[in-house]
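What the coordinates show
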Amino acid sequence: MAVAVEELKAGGVVALPTETVYGLAADAFNAEAVAKIFEVKKRPSFDPLIVHLARAKDLAKVAVVPEELQDLVKKLTKEFWPGPLTLVLPKTEAVPDIVTSGLPTVAVRISKHEVMRGVAKELGNPIAAPSANIFGRISPTSASAVLAELGGRIPLVVDGGACGEGIESTIVAVDMDGGKPVLWMLRPGPVTREDLRKFARVAKPKEGKGQVAAPGQLESHYAPRTPLLLFEKPEDFVPEEGKTYGLLSYRGEEKDGYVGRHEWAVTEIMSPGSGKMSEAAVRLFHLLRKLDESGVDAIVAEPVSTARLGAAVMDRLRKAAGSAS
Ligand code: TXA
Ligand code: MG
């Protein structure tokens, strides 16, 4: 960890573990260091970064919470920080424009992972860190996945083991609408809509409301190199002559309609144990990478229920299929 802090102090970038996915970190208050993140990831400059804090009281360094939202923000941070909830709030002057792609808001969270938190504490500044993958590709959930993505392009990966959540943080913009607080859901994630509803109205961002759009959420994302196909119902899958297919199954069960439909070259099961969605989320990106490397012509993914955490899993599958909605 000390080496990572030294590298960040010197204006470099390093890959660090978080509980969601590995992040590519730089000192958020050093614009030149942040520019390196965009360069290494081949990330377009219009896609802003998430800023990671060491503790909740550091929020004032990066965000100005409007008076009418202070109560809500306090409740949310108390309940979900440290953890996989990112809040979008008006930014302070201290946050360089390159971090927010010129937006007046900043996306901020505190990771549950002691490495990310510890490094931020030692550095003394917030850490800007997007997922440690080449732009548009699958987020890495292990140190070896980071090396597969960015090996040779970065000086250091801190190996913190496999990520406990496996899917990126939930992003909400905290805002006022019609005189009441609202949480605009910019990216579904481990903290679910159902969890958030207890605190405020949760809604889809309105079109044309520029300040709440999540620019990086619009296009195809999390994409394997191999085409990923998603169907409404299993019968819609018609294999092409001479092509090989891999199946990404939810539980590996016949009754879901995919397992016995075709002679799959490879089958990977997201939730082979408990059948729970959290297990599927943890394994999703790892299995997408595996299927991508298996040499099949296309991957067919079973759709999952969109209740609770399933909403985040389906969101990633849709984006991997390039049919972002
Ligand atoms: O779990 C996570 O959030 C991981 C770990 C490393 O913390 N990070 C992550 O970062 O997923 P990234 O850069 O891959 O995704 C951040 C998303 C982007 O889609 C970006 O557009 C959005 O956050 N975002 C950042 N700042 C924003 C802002 N001010 N307003 C709206 N969206 C913003
Ligand atoms: Mg990302």
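All values reported here derive from a predicted model rather than from experimental measurement.

**As for the side chain of K41**
Structurally, K41 is set in helix α2 (residues 31-41). No salt bridge is formed by the buried K41, whose closest oppositely charged neighbour, D47, lies at an N-O distance of 6.9 Å. Of the polar contacts made by the side chain of K41, one reaches the backbone oxygen of N133; its length is 3.2 Å. With residues near it in sequence (within four places) discarded, K41 still touches L24, P130, S131, N133, I134 and F135.

**Overview of the domain arrangement of the protein**
Each assigned domain of the protein is listed with its residue range as follows: domain 1 (2-203) and domain 2 (228-323). Distance between the C-alpha centres of domain 1 and domain 2: 28 Å. The interface of domain 1 with domain 2 comprises 23 residues on the first partner and 16 residues on the second. Viewed at the interface, domain 2 and domain 1 are joined by four salt bridges. A salt bridge links R289 to E149; the nearest nitrogen and oxygen atoms lie 3.4 Å apart.

**Brief notes about the environment of G124**
Mapped onto the secondary structure, G124 falls in the loop between α6 (114-123) and β6 (127-128). Here G124 falls in the partly exposed class, since its relative accessible area comes to 36%. Considering only alpha carbons, one finds G124 and P227, 103 residues apart in sequence, at a separation of 43 Å.

**Some thoughts on the pattern of salt bridges**
Enumeration over the complete set of coordinates arrives at 21 salt bridges. Across the salt bridge formed by R201 and D177, the nearest N and O atoms sit 2.7 Å from each other. Highlighted residues: R201 in strand β9 (residues 201-203) and D177 in strand β7 (residues 170-177), separated in sequence by 24 residues. Here D195 ties to R308 by a salt bridge, and the two come within 3.2 Å at their closest N and O atoms. Pair noted here: D195 is in helix α8 (residues 193-196) and R308 is in the loop between β13 (298-301) and α10 (310-320), with a separation of 113 residues, a long-range link.

**Description of the sheet that holds strand β5 (residues 105-109)**
The strand order across the open sheet built from nine strands is β1-β2-β6-β3-β5-β4-β7-β8-β9, with neighbouring strands paired in mixed fashion. Edge strands, defined here as strands with exactly one partner in the open sheet, are β1 (14-16) and β9. One ladder, built from seven bridges, connects β7 with strand β8 (residues 180-187); its direction is antiparallel. The residue of β8 that forms the bridge with M176 is P181. Sheet contacts for helix α4 (residues 70-80): β4 (85-90), β7 and β8; angle to β4, the most-contacted strand, approximately 155°.

How each quantity is defined
- Within any chain, residue numbers begin from 1 and follow the written order of that chain's sequence.
- Labels follow written order: the first chain is A, the first ligand is 1, and so on.
- The model is predicted, so local features are restricted to residues of pLDDT at least 70 and side-chain atom pairs to those at 80 or more, both for listing and for counting; the totals for chains, interfaces and linings are taken over all residues.
- Side-chain measures here rest on the full set of heavy atoms in the structure, leaving out hydrogens and waters.
- Secondary structure elements follow DSSP: runs of H or I of four or more residues count as helices, runs of E of two or more count as strands, with numbering from the N terminus.
- The classification of residues rests on relative accessible area computed with a 1.4 Å probe and restricted to protein chains. Under 20% of the type maximum is buried, over 50% is exposed, and intermediate values are partly exposed.
- Note that His is not counted, nor are the chain ends; the positive residues are Lys and Arg, and the negative ones are Asp and Glu.
- We define a salt bridge as a side-chain nitrogen of Lys or Arg found within 4 Å of a carboxyl oxygen belonging to Asp or Glu.
- Counted as a polar contact is a pair of N or O atoms within 3.5 Å, where, for protein atoms, one must be capable of donating a hydrogen and the other of accepting one, and residues adjacent in sequence contribute only when both atoms are in side chains.
- Note on contacts: a residue pair qualifies if any of its non-hydrogen atoms lie within 4.5 Å across the two residues.
- Reported domain spans reflect what an automatic or database domain assignment gives.
- In this description, strands pair whenever DSSP reports at least two bridges between them.
- Every axis corresponds to a line fitted to the C-alpha atoms, with the helix fit spanning only the stretch in contact, and the corresponding angles, defined between N-to-C directions, vary from 0 to 180 degrees.

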